[in-house]
Amino acid sequence: MKNSYSNIFTFNKKILWKTIKSLNNRGLVGLPTETVYGLGGNAYSKRAVKKIFKLKGRPRFNPLIVHYHNIKDAEKDVIINKYVKKLYKRFCPGPITFVLKKKITSKIDPLVSANLKTVAIRFPSNKITRTILKKTDFPLAMPSANKSTNVSPVNSLDVFDEFKSKLKIIIDGGKCKIGIESTVIDLTSIPKILRPGVIDKKNIEKVLKTKILTYRNKGKVLSPGMLKKHYSPGIPVLINQKKHDGKSAYIYIGNKHKNKKNFFSLNEKNNLFLAASNLYKMFRIIKNKGYKKIQINKIPKYGAGIAINDRINRASKF
Ligand code: TXA
Ligand code: MG
């Protein structure tokens, strides 16, 4: 693809080499993953990690996810237990993040996990990013490639919208297939979901053959990404809306309002997985069309619908 953006690149050998060089020099790059685009930097380098927090405008108490090519690489930095072994075998590489105990010998910069004794790790399945992870001799600290509290990017152009030319390399990998962030699960004691994703509680319980807990926000911040206000499209979002107000963008699932002005279906066939993958894209489209407000109809609370409800709930805390 030829494009008019000097910092968005199609993946090839030359850009692979440039990306590795930049990462080795503690630079940051925008990379595609199957969930959302990430802002990657060397997780062992304080300078690179500092740059990530600065560029995102992210509070230092909100820890980052460290991305690896495989579990053998991760074993150098975190304690691998029976839960992670089972979940890795079933779901990885894929859209799930494990919070584990950090090894004393780990080279991960303490800033990555906000000085906690744990680290969140993930094995993304996107081929481009896996190639890059294979070629570096350090893992990548990689939050979603958006300014703090904004909606995560699902296209290379979304990343450009967030950081413009402040980021020298953005690799285009097309639209992210999953389209919302990975499930985050704490495996340091009884497994507990900290952030719902398309791999849901039932999928995980089936593999671990045990009941798992779900984090409920009672004011205490367990996983700082669970901050109330997050994933904001920059205009007010109202949820559980039964009636359209006549002028706002109205998001729903199904085909009841097909071809009607101001109505946006997340998926016409009521597929929650595909609906989740369209949510952030739709937020950006609606914002760019100049709407002043978003109304969202009730979204079912099962499967990927749980993750959708989590994100729209936070988006509504504008
Ligand atoms: O799908 C994804 O996970 C994307 C792609 C780029 O990999 N990344 C992503 O990163 O969503 P970020 O930084 O936007 O979200 C990281 C989440 C936050 O909710 C953060 O609080 C949580 O992971 N987290 C990171 N380290 C943690 C830790 N040690 N304990 C608890 N939660 C942690
Ligand atoms: Mg994020």
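Keep in mind the model is a prediction, meaning the values are calculated, not measured. (Residues numbered from 1 in each chain as written. Chains lettered and ligands numbered in written order. Predicted model: local features only at pLDDT ≥ 70, side-chain atom pairs only at ≥ 80, totals over all residues. Heavy atoms only, no water.)

Novice: Could you clarify how one ought to interpret the pattern of salt bridges in this entry?
Specialist: A side chain of one charge can pair with a side chain of the opposite charge when the charged atoms of the two come close. All chains considered together, the criterion is met by nine salt bridges. Taking the shortest distance from any N to any O, the salt bridge between E34 and R122 comes out at 3.0 Å. Highlighted residues: E34 in the loop between β2 (29–31) and β3 (38–42) and R122 in strand β6 (residues 118–122), separated in sequence by 88 residues. Here E34 falls in the buried class, since its relative accessible area comes to 8%. The salt bridge partner of K258 is E268, with a shortest N-O separation of 3.5 Å. Of this pair, K258 sits in the loop between β13 (249–252) and β14 (263–265) while E268 sits in the loop between β14 and α8 (272–288), placing them 10 residues apart in sequence. Of the residues examined, E268 reaches a relative accessible area of 38% and is grouped as partly exposed. Linked through salt bridges whose partners overlap, the residues forming this network are E181, D310, R311 and R314. (Salt bridge = Lys/Arg side-chain N within 4 Å of Asp/Glu carboxyl O. Helix = DSSP H or I, 4+ residues; strand = E, 2+ residues; numbered from the N terminus. Buried < 20%, exposed > 50% of the residue type's maximum accessible area, 1.4 Å probe, protein only.)

Novice: Any chance you could explain the domain arrangement of the protein here in plain terms?
Specialist: Bring the parts together and some accessible area is lost; that lost area is often taken as the interface size. In terms of domains, the protein is made up of domain 1 (8–214) and domain 2 (237–315). Computed over C-alpha atoms, the centres of domain 1 and domain 2 are 27 Å apart. For the pair domain 1 and domain 2, the two sides together bury roughly 1400 Å², of which 61% comes from carbon and sulfur. Summed over the three residues of domain 1 that lose the most area to domain 2, namely V151, I180 and P196, the buried surface amounts to 35% of that side. Taken together, the connections running from domain 1 to domain 2 amount to three salt bridges. (Domains from an automatic or database assignment. Buried area = accessible area lost by both parts, 1.4 Å probe.)

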